[in-house]
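# Working through the structure, step by step
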Amino acid sequence: MPEQEIRQQRNATFDIIRVVALIAILMCHSCFDNFPALMGIGRYLGVTFNFLFLILSAFLLGSSWNNKGCPKLSFEYVGKRVAKLSKSYYPYLIVLFLFLYFSQDYFNWRNLMTHTLYLPWFDKIDGFGHLWFMTMIVLCYISIWVLSNLSKWAYRPNSLIYGALIGGGVLIGV
């Protein structure tokens, strides 16, 4: 079997596992919403398969970057990835916030701004807390960009101090 076919087969296998993880995550939400007696199983499915999905996604992104020779990425990389997310995320937000506005339920401008800036982790809306992962996805893209440029920054004076301060600020914020 040629190397290209092996590589495609391996990635297809990982993608299948990710689909299984997504289905388990959807089942987790069904347990919470429809079957309160299954709350424990729902928590198990949610924690286990969210972790599996995020680890596999990070692995596939890292493998792709590694296969390309570990190039230093420009910040444009983050912009392109966020633009891809925005194509489905922003239409969803428009519908969500129109619904919240007209139902006069949980609408407020702070929620609108934090969600628009991909920060729902820090400002969850009751019933829509599942958007927390959008913050994590953007942070992963930024982390890949930072890691790809780490050697470039390591030789600049004070760059490690600045990096430690920023990293500490992020950890305190979480």
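Anything mentioned here points back to the structure above.
An account of the accompanying structure is given in this report. Quantities reported herein were computed from a predicted structural model and do not represent experimental measurements.

## So, the packing of aromatic side chains
- If you walk through the whole model with that rule in mind, you get eight aromatic pairs.
- Relative to Y141, the ring of Y77 has its centre 6.4 Å away and its plane inclined at 85°; by these criteria the two rings are edge-to-face. Separated by 64 residues along the polypeptide, Y77 in helix α3 (residues 76–103) and Y141 in helix α5 (residues 132–154) bring together distant segments of the chain. Taken individually, Y77 and Y141 each receive the classification buried, so the pair is uniform in this respect.
- Plain terms: the ring middles of Y90 and Y118 are 5.8 Å apart, the flat faces sit at 55° to each other, and that makes the pair tilted. Note that Y90 is positioned in helix α3 and Y118 in the loop between α4 (109–116) and α5, a separation of 28 residues in sequence.

## Comments concerning unusual backbone geometry
- We note that Y118 has phi near 60°; this positive angle belongs to a residue other than glycine.
- Overall, the relative accessible area of 6% leaves Y118 in the buried class.

## Section: helix α2 (residues 39–67)
- Over its 29 residues, α2 runs 41 Å from end to end, which matches the ideal 42 Å to within 8%, given 1.5 Å per residue.
- Burial in α2 covers these residues: G42, L45, G46, F49, F53, L56, S57, L60 and L61.
- Note on α2: the residue one or two positions beyond its end, G69, has a positive phi of about 85°.

## Re a nonpolar patch on the surface
- On the surface, I94, L98, Y101 and F102 cluster together to form a nonpolar patch covering roughly 470 Å² of accessible area.
- One can find L98 in helix α3.

## Describing the pattern of salt bridges
- Under the criterion given, the structure shown has three salt bridges.
- One salt bridge in this structure joins D15 and R18, with 3.7 Å as the shortest N-O distance. With D15 and R18 both in helix α1 (residues 3–34) and three residues apart, this pair spans about one turn of that helix.
- On the accessibility criterion, D15 (37% relative accessible area) is partly exposed.
- Classification of R18 by relative accessible area gives partly exposed; the value is 23%.
- Across the salt bridge formed by D123 and R110, the nearest N and O atoms sit 3.9 Å from each other. Of the two residues, D123 is situated in the loop between α4 and α5 and R110 in helix α4; the sequence distance between them amounts to 13 residues.

## Some points on α3
- Along its 28 residues, α3 runs 38 Å from first to last C-alpha, staying within 8% of the 40 Å computed at 1.5 Å per residue.
- The axis of α3 is deflected most strongly, by about 45°, at S86.
- Of all the residues in α3, the buried ones are Y77, V78, V82, L85, S86, Y89, L93, L96, F97 and L100.
- Where α3 terminates, the next one or two residues include Q104, which has phi positive at roughly 50°.

## Let's talk about the packing of α3 against α4
- Closest axis-to-axis distance for the α3/α4 pair is 11 Å, and the angle between their directions is 170°. If you check the angle between α3 and α4, you find them roughly antiparallel. Residue-level inspection shows Y89, Y90, L93 and F97 of α3 in contact with α4, the latter providing N111, L112, H115 and T116.
- In terms of residue class, the contact of α3 with α4 is built from five nonpolar, three polar and no charged.

## So, the environment of L22
- On the secondary structure map, L22 appears in helix α1.
- On a C-alpha basis, the gap between L22 and G46 in space is 9.6 Å, while along the polypeptide they are 24 residues apart.

## Details of the side chain of D123
- Look at D123 and you get buried, because its relative accessible area is 10%.
- Side chain to side chain, D123 and N111 meet in a polar contact 2.7 Å long.
- With residues near it in sequence (within four places) discarded, D123 still touches R110, N111, T114 and H115.

Quick notes on the rules
Residues numbered from 1 in each chain as written. Predicted model: local features only at pLDDT ≥ 70, side-chain atom pairs only at ≥ 80, totals over all residues. Heavy atoms only, no water. Phe/Tyr/Trp six-rings, centres within 6.5 Å; stacked < 30°, edge-to-face > 60°. Helix = DSSP H or I, 4+ residues; strand = E, 2+ residues; numbered from the N terminus. Buried < 20%, exposed > 50% of the residue type's maximum accessible area, 1.4 Å probe, protein only. Expected span 1.5 Å × (residues − 1). Patch = residues over 30% accessible without salt bridge, like charges linked within 9 Å, V, L, I, M, F, W, Y side chains within 5 Å. Areas by Shrake-Rupley, 256 points an atom, 1.4 Å probe, with all protein chains shown as cover. Salt bridge = Lys/Arg side-chain N within 4 Å of Asp/Glu carboxyl O. Bend = angle between axes of the 7 residues up to and from the residue. Axes fitted to C-alpha atoms, helices over the stretch in contact; angles between N-to-C directions. Parallel < 35°, antiparallel > 145°, perpendicular 65-115°, else oblique. Contact = heavy atoms within 4.5 Å. Nonpolar A, V, L, I, M, F, W, Y, C, P; charged D, E, K, R; others polar. Polar contact = N/O pair within 3.5 Å; in protein donor to acceptor, adjacent residues only side chain to side chain.

Note that every value here comes from positions in space, so none of it alone points to a role or purpose.
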